[in-house]
Amino acid sequence: MKVHWTDNAENHLDAIYEYVSRNSEEYAKRMVDRLTQRSIQISKFPFSGRVVPEYENENIREVIEGSYRIIYFIKDEQIDVLAVIHGAQLLHQND
């Protein structure tokens, strides 16, 4: 199934890169690569992620990569990555 990264999720990746690159540009690139590579797992096994507790909706799930939560929505025709947030960060339901 096709994975689509929403503008919101892409903005989160940009912010993660900017923050991490302050200390190491190389590590920032690797981190963003690791996060985006999770698309492979999501596309092959959409229900492998756990249901996001804040939403309690079977189609809104997340996978963890390092310290980050990759939150996605499973549709009939594609999967939308909604957000990439730090695990310590609270998820706002309008993100």
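Now for a description of the structure that goes with this document. (Residues numbered from 1 in each chain as written. Predicted model: local features only at pLDDT ≥ 70, side-chain atom pairs only at ≥ 80, totals over all residues. Heavy atoms only, no water.)

Points about the overall build of the chain
Argument step 1. Each helix and strand counted, the chain has two helices and five strands in total.
Argument step 2. Of the regular secondary structure in the chain, the N- to C-terminal order runs β-α-α-β-β-β-β.
Argument step 3. The C-alpha atoms of the chain give 13 Å as radius of gyration, which agrees with the globular expectation for 95 residues (12 Å, within 12%).
Argument step 4. Along the first, second and third principal axes, the C-alpha atoms of the chain reach 40 × 25 × 20 Å.
Argument step 5. Relative to its full complement of 95 residues, the chain shows a buried share of 40%.
Argument step 6. In the structure as shown, the chain presents an accessible area of about 5,800 Å², 48% of it carried by carbon and sulfur atoms. (Helix = DSSP H or I, 4+ residues; strand = E, 2+ residues; numbered from the N terminus. Rg over C-alpha atoms; globule rule 2.2 N^0.38 Å. Buried < 20%, exposed > 50% of the residue type's maximum accessible area, 1.4 Å probe, protein only. Areas by Shrake-Rupley, 256 points an atom, 1.4 Å probe, with all protein chains shown as cover.)

Considerations on the packing of helix α1 (residues 7–21) against helix α2 (residues 25–44)
Argument step 1. Where α1 meets α2, the axes come as close as 8 Å, and the angle between the chain directions of the two elements is 155°. In terms of orientation, α1 and α2 fall into the roughly antiparallel class. Note that α1 runs across α2; the crossing there is right-handed. For the pair α1 and α2, the contacting residues are Leu13, Ile16, Tyr17, Val20 and Ser21 in the first and Glu25, Tyr27, Ala28, Lys29, Met31, Val32, Leu35 and Thr36 in the second. (Axes fitted to C-alpha atoms, helices over the stretch in contact; angles between N-to-C directions. Parallel < 35°, antiparallel > 145°, perpendicular 65-115°, else oblique. Left-handed = near helix turned anticlockwise from the far one by under 90°. Contact = heavy atoms within 4.5 Å.)

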